[in-house]
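Examination of the molecular architecture
So you can see what is in the structure, the chains are spelled out below.
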Amino acid sequence: MTVNGESWPNQARWTGKIYSAGWRESEGGTSQVTEPATGHALAEVGVASPVDVARAGARAAQAAGDWAAQAPSDRVEVLLRTSAALRAHSDTIRDWIVRESAGVPAKGDYEINAGLAQLTHAVGLASLPRGEVLAAQAAGGVSLTWRVPIGVVGVINPWNAPFLFALRVLAPALALGNAVLLKPDPLTPVSGGVLVARLFEDAGLPEGVLHVLPGGARTGQAVAADPHVAMVSFTGSSEAGREVARVASQGLKRISLELGGKNSIIVLDDADIEAAALAGAVSTFGYQGQACVAAGRHVVHADLVEAYTDALVRHAQTMRMGDPRAEGVTIGPVISERQAARIEHIVDESVADGARVLTGGRRDGLFYPPTVLDHVDRAMPAYTKEIFGPVAPVLPFHGETEAIEIANDTEYGLTAAVHSGSVPRATAVAERLHTGMVHINDVSAKDAANAPFGGMGTSGNGSRIGGTASLEQFTQWRWMTAPGQM
Ligand code: NAD
């Protein structure tokens, strides 16, 4: 697409560069972005070194004060123009998401629509009431308290929903008057960083308020450690999250961790089997199972388990695997050799320990087919580990207590789904699950801009993003008094 004679996103403008008060060469060199489905080179981006991060941190701290001082309505204008730019370029953005993260176009659309919802919600957030008038300690005195921005927020993101995860933090953080250093994953720096910067740039976000700093763990460590960064928002694995928290806590920073999950879909004996199996298939096979909210255990009443498993196998076998850009393809490759080898290892070890493969279970390069396992016991890695691939371990149960016990038998606590013909019965089960989110007669993988997203246990550190939780996350209290008569 061409805007004012310039193509969008105009690759020449950002090739080999980072975004830090404009597009600039970095000290950290460059890195190539590859399309997982074809192995083709897609782009080259700049890599931010610790020196680049330090420079960006200092510049963001400078810009943050002016940005926070702007009227909320001015910040809202920038968000509205960003939304308009996103709508105008949605086809191009979808294509980048599809090629870089290897999801089907519907996954690209989902990220775009959910990203738009984040921007819309942030518009409202910017003008929510944010303070209280307190009883003063002396007659005639004034005592006020209100929420002020945190300052500079460091954002470290994964590759699986790169565009959406950038917007779900940037929209509220910027709306509430913060500056941001965004470090996208090295596998998806374009849809997770460059395109987002291009949108805000076109929308007139003042220079220095947003910095996009591609790179790997070293760049992430520099962001977490930077003295100008007052808060670190990390989304990714629990292992890396622990490391980021260790570094950020040295600087006594606020830390928000959105980590992994081992989520159950529970099917009670009065559930609609077809509806439950469809929800189960979508929750495990959608985007190749590469979602923190994917279903990692299918916990099914023993009376239904055969019919449910048959339906799940049917769904798996009707999916078409291939390049996600090709017509009719419903499942693409997994993101990297590392991920494919990890999935293979988990399945192969479980099979060696006695699990049975009902369909799938053999990969072709990065293409791992939708896989259903039964005869899974609690010592197997398919039961204990987050798989992050299209693999559905099915576990029968006999009573609700056992189903709840299986679902809670994990250090994680992100999300779950409960299927039953009786919503009150499903709700009673849902209330006993140790998860930050739970959905009745639905998929496990859900999010909404107005809902607090996050988990219990090692799925996070109790932080939530979304809805009014974002107001708490990205602001802090200030108390001010003025005396009465002296
Ligand atoms: P990862 O933890 O390896 O990487 C995530 C980000 O952290 C990347 O930008 C990476 O470069 C950076 N990073 C890695 N090690 C680092 C370190 N030591 N210091 C600083 N930065 C570091 O994540 P992944 O394995 O690529 O992503 C998958 C994981 O993310 C899964 O566990 C998944 O459940 C989780 N996830 C959670 C959510 C959520 O909202 N809860 C969403 C998506 C993914």
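As annotated in an unreviewed UniProt entry, the chain carries the name Aldehyde dehydrogenase family protein and comes from Streptomyces neyagawaensis. Checking UniProt for the chain, the heading Sequence similarities (unreviewed entry) contains the comment "Belongs to the aldehyde dehydrogenase family."

1. A closer look at the pattern of salt bridges
This structure, assessed with the given rule, holds 21 salt bridges. Across the pair D109 and R94 runs a salt bridge, and its minimum N-O distance is 2.5 Å. Here D109, found in helix 5 (residues 105-125), pairs with R94, found in helix 4 (residues 90-101); they are 15 residues apart in sequence, far enough to count as distant. On the basis of relative accessible area, D109 is assigned to the partly exposed category, the value being 30%.

2. Details of the UniProt feature "domain: Aldehyde dehydrogenase" (unreviewed entry) in the chain
Mapped onto this structure's residue numbering, the UniProt feature "domain: Aldehyde dehydrogenase" (unreviewed entry) falls at residues 23-479. Annotated as residues 23-479, this span is 41% helix and 20% strand, and its ends, taken at the C-alpha atoms, are 39 Å apart.

3. Side note on the nonpolar core
Among the nonpolar cores identified, the biggest contains 79 residues, and L86, I93, F163, V180, V190, F200 and L210 are the most heavily contacted of them. Ranked by the residues each element gives to this core, the list is headed by helix 6 (residues 162-175), at nine residues. Not counting residues within four places of it along the chain, the set of residues in contact with L210 comprises Y19, L170, V180, L182, A197, F200 and L205. I343, V376, I404 and A426 belong to the second largest nonpolar core, which has 30 residues in total.

4. Quick notes on the packing of aromatic side chains
Per the counting criterion, the structure on display carries three aromatic pairs. A centroid spacing of 6.0 Å and a plane angle of 70° characterise the contact between W14 and W96, whose relative ring orientation is edge-to-face. Here W96 lies in helix 4 and W14 lies in helix 1 (residues 11-14), a separation of 82 residues in the sequence. Seen in terms of ring centroids, Y19 and W23 are 4.7 Å apart; in terms of plane orientation they differ by 50°. Their pairing is tilted.

Analysis parameters
Residues numbered from 1 in each chain as written. Predicted model: local features only at pLDDT ≥ 70, side-chain atom pairs only at ≥ 80, totals over all residues. Heavy atoms only, no water. UniProt positions renumbered as here; feature names shortened; annotations may be inferred. Salt bridge = Lys/Arg side-chain N within 4 Å of Asp/Glu carboxyl O. Helix = DSSP H or I, 4+ residues; strand = E, 2+ residues; numbered from the N terminus. Buried < 20%, exposed > 50% of the residue type's maximum accessible area, 1.4 Å probe, protein only. Core = buried A, V, L, I, M, F, W, Y, C linked by side-chain atoms within 4.5 Å. Contact = heavy atoms within 4.5 Å. Phe/Tyr/Trp six-rings, centres within 6.5 Å; stacked < 30°, edge-to-face > 60°.

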